[in-house]
Amino acid sequence: MSPVQLWLILLLPLISATIITLFTRKSPMVSSMISVGAVVGSFLLSLGPLFHMLSDPHSLPVESYWYWINLPSLQVKMGVLIDPLSIIMLFVVTGVASLVHIYSTGYMHGDPSYSRYFASLSFFTFSMLGIVLSNNLVQTYIFWELVGLASFSLIGFWFEKPSAAEACKKAFLTTRVGDFGFMVGIVVIYFTAGSFNFNELQATVKTGGLPAGLITVSAILIFMGAVGKSAQFPLHVWLPDAMEGPTPVSALIHAATMVAAGVYLVARSFFLFAASPMAMEYVAYTGGLTAIMAATIAIAQNDIKRIIAYSTLSQLGLMMMGLGVGGYTAGMFHLTTHAFFKALLFLGAGSVIHAVHTQDIWEMGGLSKYLKITTPTFLIGALANAGVFPLAGFWSKDELLVATVESHHYFLYVIALLTSFFTALYMFRLFFVVFTGQPHKKKEAHGGHGHDAHGAGHGDPHESPPVMTVPLIILAFFSIFVGFIGAPFVEHGFASFIHFGEAHHGGFHLSIAAAGTAVAIGGIALAWAFYSAKIFSADALVAKYPAIHRLLQNKYYFDEMYFWMIKHIQGGIALVCNWIEEWVVISFIVNGSAASTRWFGGFLRLSETGRLQTYLMIFVTGIISVILLLLAIFIPGQVMALK
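Residues numbered from 1 in each chain as written. Predicted model: local features only at pLDDT ≥ 70, side-chain atom pairs only at ≥ 80, totals over all residues. Heavy atoms only, no water.

### Some details on the overall build of the protein
When helices and strands are tallied, the protein shows 25 helices and 2 strands. Here the protein holds 643 residues, and the buried ones make up 53% of them. Partitioning the intrachain contacts of the protein with sequence separation of at least 6 by distance along the chain shows that 80% fall at a separation of at least 24. Approximately 27700 Å² of the protein is accessible, and the part contributed by carbon and sulfur atoms is 72%. (Helix = DSSP H or I, 4+ residues; strand = E, 2+ residues; numbered from the N terminus. Buried < 20%, exposed > 50% of the residue type's maximum accessible area, 1.4 Å probe, protein only. Contact = heavy atoms within 4.5 Å. Areas by Shrake-Rupley, 256 points an atom, 1.4 Å probe, with all protein chains shown as cover.)

What follows is the structure, encoded as structure tokens:
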């Protein structure tokens, strides 16, 4: 595992983005081939470290770096760090990114900005790989901001559509709030520990070189960055609107990369959080609140991509909750499985949109008759997301439940169970409405450039081409089997490689697994009763509880509340600042000093008469005044001395 190989994994997507931008913009097919080839190349190179880790679980981390800044008072080592955590993330990021790139060649076919799309996608992949491979906080922050910049470009890809332009600005500005806390945390850590390097910081914390209070402050500030990128409460509002980007972008950003970056950051700096019980509790309850909140919102949404987006929010909350209760292995295990089944769901949604040219689930229905590959693969993704045995989501979600119980966080255990129930309910509400029953009448046409509805022709829905369905099949395979790497009966499984401190597997608790399975089946059964068998009427339920439905459909009015705060509180503060600037700073200080100078200068002009007699009188008066002043000072003192 040579350093050259590691640098190639990182740089191939950047080389691809550069070549497309400078040379092949007018050749869409060439651009897509270069982009796909570069990302697949990074994936193949990532298999080397993965196989090496599997063959030698006790191999030491490899770090390759050079001194970017080497001063007596400041040293920054820029480089790459390869260890089990980064190896797993390399496999996940490059694997999912490769499938998304291949899928995009079919999905984005015919788009006027085809080359720009692949250049942006490659640049985004490079930025995310930079976070994964970074060996220090400064380099992580640089790539962290590059990910934000690349996501801005991809979310606003159809920038001529006002909603897309607003969505990319909202995502960029919201994440900046968290990024500011992250930056302050980095500064606090450096001035306390004297290093940015992860390994050096971990050694410092382990030896007690950092005060407990500063560890807590630093951990919470770093977590602010994770809250922004992973869309945790209260900075969660950007992610659903980010669905304005092309569906493959949603699959990449919101399954395996950008939103997973926050979870990865907490895992990478877990030595800080583990040393602060207060910070751990903060992470756990923030994740739990995000999980249940997003799950309830998803129940009342009608846009197929937004439902899956809120599912992503909810699952990210569960990952954060797992890390916060000390389930380091459980949190990263769920990140790994989630990347595959959530990418499958997003790409499956893209295949549906490609077929029917709308994102409203109530304008779909009965699609299983037409989408013979999309339907079963989407069902596999929905079952995995719901945590149904024996799919991937079951094993990782069970690990999270075990972690909450073993850490005695019983309230969070209940929250996780409720989240699992709602997850099954909204996912199979989506499945039954879209794929079963009779087709629904469309409210309006949604085709054309600028909408996330690609595909030619009208009439009956049609299955997507193989370039789109083959990635669905591959992701479905992983959504079924990738969970077995962390199953309790696997001797050298996920926990043997990804752990903090001593390797610890949560074990298999039949009662916990049964509870998790029961709530998942209960949610599926309730969705079936409402939306497939029609035993109960969803419309009647909405009519009975309209206030609750409006609350969930309007996402607890967070957008409205933030808009009110910006308009009235921030706007009020801005008005006060404007008044202070206009009347105190400009009118009083700046203009006042100018006016006083002008007045004093005018007064002095009176002495400039041009007459010699006047100047002589002033000169004599001045001399007499100085003499009298000196006499007044010195003579009384001499008289007192004589007495």
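### Description of the pairing of strand S1 (residues 62–70)
Two faces, one strand: in a regular strand the side chains alternate between the faces of the sheet. Bridge count between S1 and strand S2 (residues 75–82): 8 bridges; the pairing is antiparallel. In the strand pairing of S2, Tyr67 is matched with Lys77. (Pairing = 2+ DSSP bridges.)

### Overview of the packing of helix H18 (residues 410–435) against helix H21 (residues 510–531)
Running from amino to carboxyl end, H18 crosses H21 at an angle of 35 degrees, the nearest separation of the two axes being 8 Å. The two elements H18 and H21 meet at a crossing, and its hand is right-handed. Judged by residue contacts, Tyr413, Leu417, Ser420, Phe421, Ala424, Leu425, Phe428, Arg429, Phe432 and Val433 of H18 engage Ile512, Ala515, Gly516, Val519, Ala520, Gly522, Gly523, Ile524, Leu526, Ala527, Trp528 and Tyr531 from H21. For the contact of H18 with H21, the per-class residue count stands at 17 nonpolar, 4 polar and 1 charged. (Axes fitted to C-alpha atoms, helices over the stretch in contact; angles between N-to-C directions. Left-handed = near helix turned anticlockwise from the far one by under 90°. Nonpolar A, V, L, I, M, F, W, Y, C, P; charged D, E, K, R; others polar.)

### Remarks on the side chain of Thr419
Along the chain, Thr419 turns up in helix H18. Its relative accessible area of 0% is what places Thr419 among the buried residues. Ignoring any residue separated from it by four or fewer positions in sequence, one finds Thr419 in contact with Ala291, Ile292, Ala295, Ser314 and Leu318.

### Things to note about the nonpolar core
Ranked by internal contacts, the top residues of the largest apolar core, which has 176 residues, are Trp238, Leu272, Ile304, Met332, Val352, Phe428 and Leu430. Counting residues per element, this core draws most heavily on helix H15 (residues 328–356), which supplies 17 residues. Excluding residues that lie within four positions of it along the chain, Val352 makes contacts with Ile304, His357, Met364, Leu367, Leu371, Thr374, Val434 and Phe435. Judged by nonpolar contacts, the second largest core, of 16 residues, contains Val325, Leu400, Tyr413 and Leu417. (Core = buried A, V, L, I, M, F, W, Y, C linked by side-chain atoms within 4.5 Å.)

### Observations regarding the domain arrangement of the protein
Per the domain assignment, the segments of the protein are domain 1 (551–608) and domain 2 (610–642). Inter-centroid distance (C-alpha atoms) of domain 1 to domain 2 is 49 Å. (Domains from an automatic or database assignment.)

### A word on helix H5 (residues 137–155)
A rise of 1.5 Å per residue sets the reference length of H5, with its 19 residues, at 27 Å; its end C-alpha atoms lie 26 Å apart and thus fit the reference within 8%. The distance from a side-chain oxygen at the start of H5 to the backbone nitrogen of Val138 is 3.0 Å, and the residue carrying that oxygen is Asn136. (Expected span 1.5 Å × (residues − 1). Polar contact = N/O pair within 3.5 Å; in protein donor to acceptor, adjacent residues only side chain to side chain.)

### Things to note about the pattern of salt bridges
Applying the stated rule across the entire model yields 11 salt bridges. Residue Lys77 is joined to Glu200 by a salt bridge in which the shortest nitrogen-to-oxygen separation is 2.7 Å. Within this pair, whereas Lys77 is found in strand S2, its partner Glu200 is found in helix H7 (residues 198–206), the two being separated by 123 residues in sequence. Exposure remark for Lys77: the relative accessible area of 17% places this residue in the buried category. Residues joined in a network through salt bridges with shared partners are Lys170, Asp241, Arg306, Lys555 and Asp559. (Salt bridge = Lys/Arg side-chain N within 4 Å of Asp/Glu carboxyl O.)

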